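Reading the structure
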Amino acid sequence: MAASRALWACRAASYLRISSFPRAFSTVLKDLKYADTHEWVKVEGDSATIGITDHAQDHLGDVVYVELPEVGASVSQGKNFGAVESVKATSDINAPISGEILQVNDELSEKPGFINGSPYDNGWIIKVKISDPNELNSLMDDDKYRKFCEEEGAKH
């Protein structure tokens, strides 16, 4: 009887899109840099791909809309360049580094859920030409970011 109730609860939670089990800590990838505002950067030569972290998307909930900037626009470290709207809230997206936008992920206009399902792959937001590589030194590596998230979680 208890097993059938648990199965029913899991199915109901799945249908309602709520987690029925406590989630393990969010995924943090090696070889990325992280901002304290929960954006990630993947450096590839003199350009970088930017998105929001698994931790950020988890706290936002189901993403329903992404405000994207224009190709050719400039972004400045720490400044807003877009927004993510979820069923819970709207959150600004800040640039972890400065640069010129080379590409935006237009697929997010039609499929904003990529940010939830694949924040480090299909859910990337912009690609930029890095204007100041030294800014990368102010970002966290995976170990520091993991500790940052744990400390932030302990405060709540």
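Here we summarise the structure given alongside this text. (Residues numbered from 1 in each chain as written. Predicted model: local features only at pLDDT ≥ 70, side-chain atom pairs only at ≥ 80, totals over all residues. Heavy atoms only, no water.)

1. Comments concerning the layout of surface pockets
Of the voids in this model, the second largest pocket is the one considered here, and its volume is about 230 Å³. Lining the second largest pocket are 15 residues, and of these T37, H38, H55, A56 and H59 lie nearest its centre. Listed by contribution, the elements that provide at least two residues to the lining of the second largest pocket are α2 (54–60), β7 (90–94) and α5 (142–155). Take the lining of the second largest pocket: its biggest share by element is four residues, from α2. Residues belonging to the lining of the second largest pocket are distributed by class as follows: five nonpolar, seven polar and three charged. (1 Å grid on protein atoms, 1.4 Å probe; cavity = no way out; pocket = protein on both sides within 12 Å on 5 of 7 lines; lining within 4 Å. Points joined across faces, edges and corners; volume = space filled by probe spheres on them. Helix = DSSP H or I, 4+ residues; strand = E, 2+ residues; numbered from the N terminus. Nonpolar A, V, L, I, M, F, W, Y, C, P; charged D, E, K, R; others polar.)

2. Description of the packing of aromatic side chains
Both the distance between ring centres and the angle between the ring planes are used here to describe each pair of aromatic rings. Counted according to the given criterion, the structure contains three aromatic pairs. The interplanar angle of 55 degrees and the centroid separation of 5.7 Å between the aromatic rings of W40 and Y120 together place this pair among those described as tilted. Remark: Y120 occurs in the loop between α4 (114–117) and β9 (126–130) and W40 occurs in strand β2 (residues 39–44); sequence separation between them is 80 residues. Classification of W40 by relative accessible area gives buried; the value is 2%. Members of the aromatic cluster, joined through ring pairs, are Y34, Y145 and F148. Taking the ring centre of W124 as reference, the NZ or CZ of K127 above it sits at 4.9 Å. (Phe/Tyr/Trp six-rings, centres within 6.5 Å; stacked < 30°, edge-to-face > 60°. Buried < 20%, exposed > 50% of the residue type's maximum accessible area, 1.4 Å probe, protein only. Lys NZ or Arg CZ within 6 Å of the ring centre and 35° of its normal.)

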